[in-house]
Amino acid sequence: MRMKRIAYILLFSLLLVSCGTRSGYFKMEGRFLHMNQGELYVYSPDGGIDGLDTIKIEAGRFSYEKPCSKPSTLIIKFPNFSTQPIFAEPGEAVEVKADASHLKEMEVEGTKENELMTKFRKQIASVSPPEELKYALQFINDHPESVVSVYLLNRYLVQTESPDYKQATKLLSLLIKEQPGNANLKCLQRQLTELGSLSVGSMMPKFSAKDVNGKMVNNASFQGKSVIIINTWAAWSYESLDIQRALNDAVKAGKIGALGICVDANPKEVRQTLERDGIEFFNVCDGKLLNTPLLKIFGLNTIPDNIVIRNGKVVERNITANTIRQRYGTD
């Protein structure tokens, strides 16, 4: 009788595990059409995971589990360099279904937030960029209580080549009212305040710093360069590293001047990363992470982020690696 009771307990425990994931963890499983083997990269802009993780795809399937003590946003980077968000919650599991040739229609089932994002993906799958923005704004107004709205606000109004800080600030107030305990919103609010101090049309500020090799770099270092791009990056952000490589090609071709600001903690490791990638332009890393004074001077707060300065004035923000390659002839 005692052995039978133990057997029932074990069976019940196995059923609990099979129905979800472990307490304090978040699990993601999925399958892809037209992608039999490969690698995906995943990182978290809000600290859900440290650094960059790799997800292996075998026979079109993958499984990924991570410790999760609070809700966070994970960003999946695909081999074609596109990205999609997954919203992680403690003790939850989701299933991902996607066609590698139509990633905009990726489906994620298992939690309310991910299902809301799936619905949004389907809405914008075949619309023009202006319509996509329209749908994003409508979603934010309809779902101010959702963390998906936080992602969409940042994606479409802040971290874009044509940011709209006025609209972002207005909608942010609505989100903070509905999500008073969301620390990421307070952080975004601080970022918007600082970003507004160096908006498009502002003059390039004066600065002075030592690069990772101990060489002084300042405004005079870019004398004669009509176009200068200031870029933030970190070793864990694949997207920011890709921008660094695109900038390096453009600098070597004599098309632009560039300054990299790395928010990693160890300048020695940063030098090794730059040497590995053959990056030759100025890069600063003072080990102060996101508290480095240069970020505030240039109104930069996230990874990746950048400003484009032409003839002494800020003309654009947050351009992509592909834009750099196409515009400055490095493809």
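Residues numbered from 1 in each chain as written. Predicted model: local features only at pLDDT ≥ 70, side-chain atom pairs only at ≥ 80, totals over all residues. Heavy atoms only, no water.

1. A look at the overall build of the protein
Moving on, step 1. When its secondary structure is counted, the protein shows ten helices and 15 strands.
Moving on, step 2. A compact globule built from 331 residues would reach a C-alpha radius of gyration of about 20 Å, and the protein, at 22 Å, matches this within 12%.
Moving on, step 3. Overall, the protein is about 85 × 40 × 35 Å in size when its C-alpha atoms are taken along their principal axes.
Moving on, step 4. Relative to its full complement of 331 residues, the protein shows a buried share of 46%.
Moving on, step 5. Expressed as a percentage of contacts within the protein between residues at least 6 apart in sequence, the contacts between residues at least 24 apart total 60%.
Moving on, step 6. For the protein, the accessible surface area stands at approximately 17000 Å², while carbon and sulfur atoms represent 51% of it. (Helix = DSSP H or I, 4+ residues; strand = E, 2+ residues; numbered from the N terminus. Rg over C-alpha atoms; globule rule 2.2 N^0.38 Å. Buried < 20%, exposed > 50% of the residue type's maximum accessible area, 1.4 Å probe, protein only. Contact = heavy atoms within 4.5 Å. Areas by Shrake-Rupley, 256 points an atom, 1.4 Å probe, with all protein chains shown as cover.)

2. Observations regarding the pairing of strand β12 (residues 257-262)
Moving on, step 1. A large share of β12 lies buried, amounting to six of its six residues.
Moving on, step 2. Here β12 shows no split at all, with Gly257, Leu259 and Ile261 on one side and Ala258, Gly260 and Cys262 on the other all buried.
Moving on, step 3. Here strand β11 (residues 227-233) pairs with β12 via six bridges, running parallel. Paired with Ile229 across the bridge in β12 is Ala258.
Moving on, step 4. One crossover worth recording links β11 to the parallel β12 by way of helix α7 (residues 238-252), and it is right-handed.
Moving on, step 5. The parallel pair β12 and strand β13 (residues 282-284), bridged by helix α8 (residues 267-277), forms a crossover whose chirality is right-handed. (Pairing = 2+ DSSP bridges. Right-handed = clockwise from strand over helix to strand, strands pointing away.)

3. Let's talk about the confidence of the model for the protein
Moving on, step 1. Within the protein, residue pLDDT values average 88, and 92% of them lie at 70 or more.
Moving on, step 2. Within the protein, the element-level pLDDT minimum falls on helix α1 (residues 2-18), averaging 39, and the maximum on β12, averaging 97.
Moving on, step 3. Ignoring residues within four places in sequence, the model shows residues 1-20, a span with pLDDT below 50, making one contact including any to other chains. (pLDDT = per-residue confidence, 0-100.)

4. Comments concerning the sheet that holds strand β2 (residues 38-43)
Moving on, step 1. Taken in spatial order, the four strands line up as β3-β2-β5-β6 in an open sheet, and their pairing is antiparallel. The open sheet terminates on both sides in strands that have one partner only, identified here as β3 (53-57) and β6 (83-88). Between one strand and the next, the sheet's axes are offset by a mean angle of 30°, whatever the strand orientation.
Moving on, step 2. Looking at chain direction, strand β5 (residues 72-77) and β6 are connected through six bridges and run antiparallel. Opposite Ser72, over in β6, you have Ala88 as the bridge partner. (Axes fitted to C-alpha atoms, helices over the stretch in contact; angles between N-to-C directions.)

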